[in-house]
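Working through the structure, step by step
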Amino acid sequence: MRDNDWNDPGWRAAAHSWITGRLDELGTPVTGEIEEFRSRPWSVTHRAPTTAGPRWFKANITGCRYEAALAEALAGIVPGATLVPLAVDTGRGWLLTADAGPTLRESMSGTGRITTWTAMLQAWSALQRATVAHVDRLCALGVPDQRVSLLPGLLAGLLAAPDVRAEVKPGVPALSGEYARWCAELAADGIPAALQHDDLHTGNVFADMRFFDWGDASVGHPFGTLLVTLNVLHDALDTPDRQALLNRLRDAYLEPWTDLADRATLRRSASLACRVTRVSRALSWQRGLTGAVIPVDEMFRNAPAAWLNELLEPTTI
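Everything numeric in this text was worked out from a predicted model, so none of it was measured. (Residues numbered from 1 in each chain as written. Predicted model: local features only at pLDDT ≥ 70, side-chain atom pairs only at ≥ 80, totals over all residues. Heavy atoms only, no water.)

As a further point, take the overall build of the chain. Looking only at helices and strands, the chain has 14 helices and 7 strands in total. Its C-alpha atoms give the chain a radius of gyration of 20 Å, near enough to 20 Å, the size a compact globule of 317 residues would have. Considering only C-alpha atoms, the chain reaches an extent of 55 × 45 × 40 Å along its principal axes. Within the chain, the fraction of its 317 residues that count as buried is 51%. Charge centroids of the chain, computed over 30 positive and 36 negative side chains, lie 3 Å from each other. (Helix = DSSP H or I, 4+ residues; strand = E, 2+ residues; numbered from the N terminus. Rg over C-alpha atoms; globule rule 2.2 N^0.38 Å. Buried < 20%, exposed > 50% of the residue type's maximum accessible area, 1.4 Å probe, protein only. Lys, Arg positive; Asp, Glu negative; His and termini not counted. Charge placed at Lys NZ, Arg CZ, Asp CG, Glu CD.)

If you want it as structure tokens, here you go:
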């Protein structure tokens, strides 16, 4: 039995036995069939009906199984800001949670989007500030250490991987020297390393502003989170003032950091962080695909190289 073969009957039996046992211990026994809700090469989610409502089980591929330990740790580091696990098996990377209702994406009205996005970004920024003192602990739990001083070496490792090297554009390896200079500038900006979600959008935040889905997370420059967030918001905005709105949202996120640097420095760091964090995105895809047992779609398989190719493009801010 492979530990990440979601379709293996033995794996399913072990997972369902664990789910049933933990829920019995919690006094909320399973009342029906446990069913697969979503399956990806990097993770699988099952839904278990219980006397207290649905419960959700998640398992990650080996390279992302730190999510369970991270979710457990965050419950103590930032009380009330994240979805608290009901049970975890950190060795196997298994995570059990209660149903938390609709996501921000599902509950958000079109007329209040900017206000809601602003609140989300500032809540996330506050969460990150709280993790600054705990980054070494998070790394010890298995959260990838992708601080900017390490990124040039991590980029070199990606470019040395045959499957990635075959798909990157010629200009990407030639950019290595400039990339190292961007990272050096960021490392000197006075902004401390923190938890970096790496896939923050309104589908990974509940309507009550609790954050979840840590399978892509790392320790790195905090502003790197803006890469995915602002890319998603850029695509959601289709108005002539889109750039002005994106800048406004960026500044709302940066507001809790203004005690550490002036606004010009913070804006420069945000732009640089969005550029260098494309390597973090490539790394998260590589972790999520390495050793996958179930079939991987071609667009997923090429994702690490696709993110590296983005290094040649301007950022949204």
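Attention shifts here to the pairing of strand β2 (residues 43-48). The element β2 is extensively covered by neighbouring structure, given that 5 of its 6 residues are classed as buried. Where strand β1 (residues 35-39) lies against β2, 4 bridges are found, and the strand directions are antiparallel. Residue pairing for β2: E35 is matched across the bridge by R47. Strand direction decides the pairing type here: β2 and strand β3 (residues 55-60), joined by 6 bridges, are antiparallel. Among the inter-strand pairings, S43 is bridged to a residue of β3, identified as N60. The hairpin turn running from β2 into β3, its antiparallel successor, is 6 residues long, and G53 in that turn takes a positive phi close to 105°. (Pairing = 2+ DSSP bridges.)

Taken together, the side chains of D163, E167, D297 and E298 define an acidic patch exposed on the protein surface. By secondary structure assignment, the location of E167 is in the loop between α7 (162-165) and α8 (171-174). Residue E167 is classed as partly exposed on the basis of its relative accessible area, which comes to 41%. (Patch = residues over 30% accessible without salt bridge, like charges linked within 9 Å, V, L, I, M, F, W, Y side chains within 5 Å. Areas by Shrake-Rupley, 256 points an atom, 1.4 Å probe, with all protein chains shown as cover. Salt bridge = Lys/Arg side-chain N within 4 Å of Asp/Glu carboxyl O.)

Below, the discussion takes up the nonpolar core. With 76 residues, the main nonpolar core has Y179, L195, W214, F223, V279 and L308 as its most contacted residues. Examining the composition of this core, we find that 11 residues originate from one element, helix α12 (residues 263-289), more than from any other. Dropping the residues within four chain positions of it, Y179 is found in contact with L151, P152, L155, V276, V279 and L311. With 15 residues, the next largest nonpolar core counts A15, W18, I19 and W94 among its residues. (Core = buried A, V, L, I, M, F, W, Y, C linked by side-chain atoms within 4.5 Å. Contact = heavy atoms within 4.5 Å.)

Here the focus is the pattern of salt bridges. Counting across every chain of the model gives 14 salt bridges. Note that R147 is salt-bridged to D145, the shortest N-O span being 2.9 Å. Residue class for R147 comes out partly exposed when judged on its relative accessible area of 23%. A residue is classified by how much of its surface remains accessible, and D145, at 29% relative accessible area, is partly exposed.

All quantities given are derived from atomic positions and should not be read as evidence of function.
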